[in-house]
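Coordinates in review
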Amino acid sequence: MTRALAIVNAISLGARRAADVRAALSTVPGLAVVVTDSLSAARASVFAHMSWSLETVVFVGGDGSFVLGWSLVREAWRGHALLPRVGLLPLGSGNAIARALGESLDDAARQPARVVERLLRVGATRVRLPMLEVLGMQAPFAGFGIDAAIIEANQQVARAVDRLRVGAVVGPRARYA
């Protein structure tokens with residue numbers, strides 16, 4: 001079985017969903033699963049698990065998780081002849097990469113372990129994505145990350161509402177201001 005690492009983006013999925021996905025993926029033989037909540041935590045995980053025996057890194061989240069993850073892998077393996085395979089379990093908000101590759105978003109949401117097992121199988125279909133390079137980052141497309149900015153702003157509003165303890169007075173809609 002392939003030696004692999006799955007990095008689950010808790011910011012993209014939310015803490016509860018990230019925990020559920022971690023539990024599901026922990027059943028996949030040969031797969032280490034790490035849940036991260038920041039770019040620095042993801043970077044630390046990639047570097048901590050970097051070894052010549054690591055064959056595949058699967059990023060769990062959306063397009064941003066994949067693009068930043070791909071950049072982290074390139075950074076960690078700089079100077080090495082072979083990079084590990086990189087996969088995506090599309091559980092983010094947009095999932096343009098997965099859609100372009102014809103991946104089933106329903107399968108990823110309902111059966112994440114089965115999708116990752118398929119990605120790890122020897123002889124699994126490999127796709128070479130043409131990449132753009134801008135400011136040292138590689139990506140299969142150019143995007144603006146608006147969905148990620150909206151999610152982050154929403155989380156900031158929710159934290160402020162909780163900190164001010166006004167949620168009971170103004171109701172749950174205050175979180176969406």
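Residues numbered from 1 in each chain as written. Predicted model: local features only at pLDDT ≥ 70, side-chain atom pairs only at ≥ 80, totals over all residues. Heavy atoms only, no water.

Moving on, we get to the nonpolar core. The biggest cluster of nonpolar side chains holds 20 residues, and the ones touching the most others in it are Val 8, Val 21, Leu 25, Leu 31, Val 60 and Leu 89. At the level of elements, strand S1 (4–9), helix H1 (10–13), helix H2 (15–25), strand S2 (31–36), strand S3 (56–61) and helix H7 (112–120) are the ones that each hand at least two residues to this core. Of all the elements, H7 adds the most residues to this core, at four residues. Among residues more than four places away in sequence, those in contact with Val 21 are Val 8, Leu 13, Val 60, Leu 89 and Leu 91. Listed in part, the twelve residues of the second largest apolar core include Val 46, Phe 59, Leu 72 and Ala 76. (Core = buried A, V, L, I, M, F, W, Y, C linked by side-chain atoms within 4.5 Å. Buried < 20%, exposed > 50% of the residue type's maximum accessible area, 1.4 Å probe, protein only. Helix = DSSP H or I, 4+ residues; strand = E, 2+ residues; numbered from the N terminus. Contact = heavy atoms within 4.5 Å.)

With the rule as written, the count across this model stands at two salt bridges. Glu 75 is the partner of Arg 43 in a salt bridge, and the nearest nitrogen-oxygen pair spans 3.2 Å. Pair noted here: Arg 43 is in helix H3 (residues 39–49) and Glu 75 is in helix H4 (residues 63–76), with a separation of 32 residues, a long-range link. A salt bridge links Glu 103 to Arg 118, with the nearest nitrogen and oxygen atoms 2.9 Å apart. Pair noted here: Glu 103 is in the loop between helix H5 (96–100) and helix H6 (105–110) and Arg 118 is in helix H7, with a separation of 15 residues, a long-range link. A residue is classified by how much of its surface remains accessible, and Arg 118, at 32% relative accessible area, is partly exposed. (Salt bridge = Lys/Arg side-chain N within 4 Å of Asp/Glu carboxyl O.)

We now examine H7. Listed in full, the buried residues belonging to H7 are Pro 112, Ala 113, Val 115, Val 116 and Leu 120. Looking straight down H7, one finds its buried side chains confined to an arc of 160°; they lie on one side. Lining the buried residues of H7 we find S1, H2, S2, S3, strand S4 (85–90) and H6. (Arc of directions from axis to C-beta.)

A word on H2. Those residues of H2 lying buried are Ala 18, Val 21 and Leu 25. Within H2, the buried residues cover an arc of 65° as seen down the axis, which keeps them to one side. Relative to its buried face, H2 has exposed residues pointing more than 90 degrees away, namely Ala 15 and Arg 16.

Taken together, four strands build an open sheet; the order of strands is S2-S1-S3-S4 and the sheet is parallel. The open sheet has two edge strands, S2 and S4, and neither has a second partner. Between one strand axis and the next, the sheet turns through 20° on average, direction left out of account. In this structure, S1 lies alongside S3, joined through five bridges in parallel fashion. Bridge pairing in S3 places Ala 4 opposite Thr 56. (Pairing = 2+ DSSP bridges. Axes fitted to C-alpha atoms, helices over the stretch in contact; angles between N-to-C directions.)

With that out of the way, let us pick up the pairing of S4. Of all the six residues making up S4, five are buried; the element is thus mostly covered by neighbouring parts of the structure. With H4 bridging S3 and the parallel S4, this β-α-β connection has right-handed handedness. (Right-handed = clockwise from strand over helix to strand, strands pointing away.)

Quick look at the confidence of the model for the protein now. Residues of the protein with pLDDT of at least 70 account for 77%, and the chain-wide mean is 79. For the protein, per-element mean pLDDT is lowest for helix H9 (residues 167–170), which scores 64, and highest for S2, which scores 92. (pLDDT = per-residue confidence, 0-100.)

Moving on: the environment of Ala 18. On the secondary structure map, Ala 18 appears in helix H2. Remark: the alpha-carbon pair of Ala 18 and Leu 91, spanning 73 residues in sequence, is separated by 9.8 Å. Residues contacting Ala 18, with those up to four places away along its chain left out, are Val 8, Ala 10, Leu 13 and Val 35.

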